[in-house]
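# Observations on chain architecture
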Amino acid sequence: MPCKLLNLCEYETHKLVRIQSVRLGSLKWTFNGVILMFICIMMLWNKEYQEHDYVVSSVTAKVKGVALTSLPDVGDIVWDVVDYSGPSQGKNSFFVVTNVIVTKKQRQGKCPEVPPYGKVCRTDEDCVKGFWNQHSHGVQTGACVKFDVTRKTCEVSAWCPIESKKKPPKPALLASAENFTVLIKNNIRFPNFNFMRRNILPEMTESYLKRCQFNRHTDSSCPIFRLGDIVKEAKENFSEMAVEGGVIGIQIKWDCNLDGFLRNCLPKYSFRRLDEKESNRTLYPGLNFRFARYQTEKDVEERTLFKAFGIRFDVMVFGEAGKFSIIQLIIFIGSTLSYYTLTTVFIDWLIGTSCYSKEARQNYSEKKVESVEDRKQCILCVSFVDENHIRVVKKSHKKSLQEVKPISVHPYVTFNLTFLSSSFAMVGVLQKGNNIIDKPSQVLPRANRPAWCLCGCCLPSTHPQEQLCCRQSIGRCITTSSLFEQLVLSRPLLEAVLLYREPLSDLTEGEQRIAALRNCSYRQYISWRIGAPPRESIPVMPSCSVWRIREEYPSQEGEYTIGSHHVVTVQRICTGVLI
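Residues numbered from 1 in each chain as written. Predicted model: local features only at pLDDT ≥ 70, side-chain atom pairs only at ≥ 80, totals over all residues. Heavy atoms only, no water.

## Observations regarding the layout of surface pockets
Estimated volume of the largest pocket: approximately 1300 Å³. What lines the largest pocket is a set of 39 residues, among which Lys-166, Pro-168, Asn-288, Lys-307 and Phe-309 lie closest to the centre. Of all the secondary structure elements, the ones that give two or more residues to the lining of the largest pocket are strand E7 (152-160), helix H5 (238-244), strand E13 (288-297) and strand E14 (300-324). A breakdown of the residues in the lining of the largest pocket according to their chemical character gives 13 nonpolar, eleven polar and 15 charged. Roughly 740 Å³ of volume is contained in the second largest pocket. (1 Å grid on protein atoms, 1.4 Å probe; cavity = no way out; pocket = protein on both sides within 12 Å on 5 of 7 lines; lining within 4 Å. Points joined across faces, edges and corners; volume = space filled by probe spheres on them. Helix = DSSP H or I, 4+ residues; strand = E, 2+ residues; numbered from the N terminus. Nonpolar A, V, L, I, M, F, W, Y, C, P; charged D, E, K, R; others polar.)

And the structure:
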């Protein structure tokens, strides 16, 4: 279709095929009902009618508890929140010490390095002064000194004595930390809805918070948690985990519905371990860090080194809020309309199966599917007087139409309205006494006959699609046939055909009448020699016939045009215009 501005004002719609069948109609509405039910269930279950927003939150934690431990060579030590909280672990995290290795009375000095970090040596030559690496406890002095009864190691400048214990004590020294409690304060906000809330709910009073403790079954909203219960909820054993430490995740999920009387926005807590707990499968298991307490003894600085093992608790907040939105509802409905095509696909498949007879399937297919050839590849049909069939060929821009090989052949089909009207008119002519005897017409061969012409009456042309003769072998031209004179050129016959087609047409003398007779003559030839052309093919008249008609009914200006899409010839083969 040519691109025009008026094309923007056109409307296109689909063509439907309606099958009158109670069985198929009932099946269609049953499927549509099931699909509608599925859409409604999914809309309500997933709240697809809501606009959603994600949570923005902040978390603070306050740990409470006191423990008394008895450390070897140190004595009893009381651990309060300052001692066991350790250094800051980052955003939304807190740490609790559960086990320690103590190395007391360390002073700056020189002492043998501890294997395996220290190099075992025999003489001073085995040690390098000033050497150290990432595993060293100090800097080598260059001396090889006695470490124990059987071994010597390189001496280092460090805090002496060097920490020598590797494994933490069992059971954990601060196993009682499982009775500590933590208050988690979580403030959330949904920016799109300007909605704020915290996990300390409005109905919670000060007296309630002093006595409540989180319990999955009896008090699932309390923001105060016992550490032992947190680890237990993560399906771990606190006593075992306290030995080497680890990481526990506290997950707070806010799933909020902000629609009117259905409004609900409460936190849900869940717990899980985040690190690998199997020591035999994990390098550097658990979690630990070191800190020291410094003191001065006789003007000499000393320290007590603590290697602390403990549990880090990471608080992770997830959440989403939903609120009714007409826009989201319309988008959901629009996106689910495509589900109804499943009904069409299924019924079309059902009709194509053995549930229906072959005749019914073929009838439905012919009504539903219309095959159209690609018009860019122009398909033509031609007829030769010395052949009893019609050829279907492809248009060629190089070969003459006379030489193009057919892609298929078809028998004549002349039973159409135009030919019938011509026959009725011819009967009227014959009733006046005209005889149809095949006497050669006085048509002389042309002197400048082209090489592709085999009848001697065609005119030369430079266009391959115009180079078509009425014959495939040398012989008499069709224009010399008396039937050509009677059926194609006879003025009384053509006038009768025109009146049959348009009873009130004006056939007065003049250019308009000549043009009408010429166009009618074209149609008569097509109906006579080609009849009903094969589907999607365009009939083409031979050059000799075209020019013989034009000689009989010439145009005063020398220009020839016809608007019929049934007749195609030399210069407008793929557009339906004859010149």
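## Some details on the pattern of salt bridges
Following the criterion strictly, the structure yields 15 salt bridges and no others. Note that Arg-293 and Asp-83 form a salt bridge whose closest N and O atoms lie 3.0 Å from each other. Highlighted residues: Arg-293 in strand E13 and Asp-83 in helix H2 (residues 81-84), separated in sequence by 210 residues. Between Arg-226 and Glu-178 there is a salt bridge, with its nearest N and O atoms 3.8 Å apart. Of this pair, Arg-226 sits in strand E10 (residues 224-226) while Glu-178 sits in the loop between E7 and strand E8 (181-190); the two residues are 48 residues apart in sequence, bridging distant segments of the chain. On the basis of relative accessibility, which here comes to 23%, the residue Glu-178 falls in the partly exposed class. One salt-bridge network, held together by shared partners, links Glu-178, Arg-226 and Asp-229. (Salt bridge = Lys/Arg side-chain N within 4 Å of Asp/Glu carboxyl O. Buried < 20%, exposed > 50% of the residue type's maximum accessible area, 1.4 Å probe, protein only.)

## Brief notes about a nonpolar patch on the surface
Residues Phe-324, Ile-326, Ile-327, Ile-330 and Ile-331 make up a contiguous nonpolar surface patch of about 520 Å² in total accessible area. Broken down by element, the residue count for the nonpolar patch peaks at four residues, all from helix H6 (residues 326-336). Residue position: Ile-330 is located in helix H6. (Patch = residues over 30% accessible without salt bridge, like charges linked within 9 Å, V, L, I, M, F, W, Y side chains within 5 Å. Areas by Shrake-Rupley, 256 points an atom, 1.4 Å probe, with all protein chains shown as cover.)

## Considerations on the confidence of the model for the protein
Close inspection of predicted coordinates is inappropriate for parts of the model with low pLDDT. Looking at the protein as a whole, its pLDDT mean stands at 83, while 87% of the residues score no less than 70. Under a pLDDT of 50 for its full length, residues 562-579 has, in the predicted model, 53 contacts with residues more than four places off or in other chains. (pLDDT = per-residue confidence, 0-100. Contact = heavy atoms within 4.5 Å.)

## Some thoughts on the state of the cysteines
Taken as a whole, this structure holds five disulfides when the rule is applied. Note that Cys-127 is cross-linked by a disulfide to Cys-154, the S-S spacing being 2.0 Å. The S-S bond linking Cys-127 to Cys-154 shows a torsion near -90°; that makes this disulfide left-handed. Taken together, the residues span a long stretch of sequence, with Cys-127 in the loop between strand E5 (93-112) and strand E6 (139-146) and Cys-154 in strand E7 at a distance of 27 residues. With respect to burial, Cys-127 and Cys-154 carry one shared label: buried. (Disulfide = S-S within 2.5 Å.)

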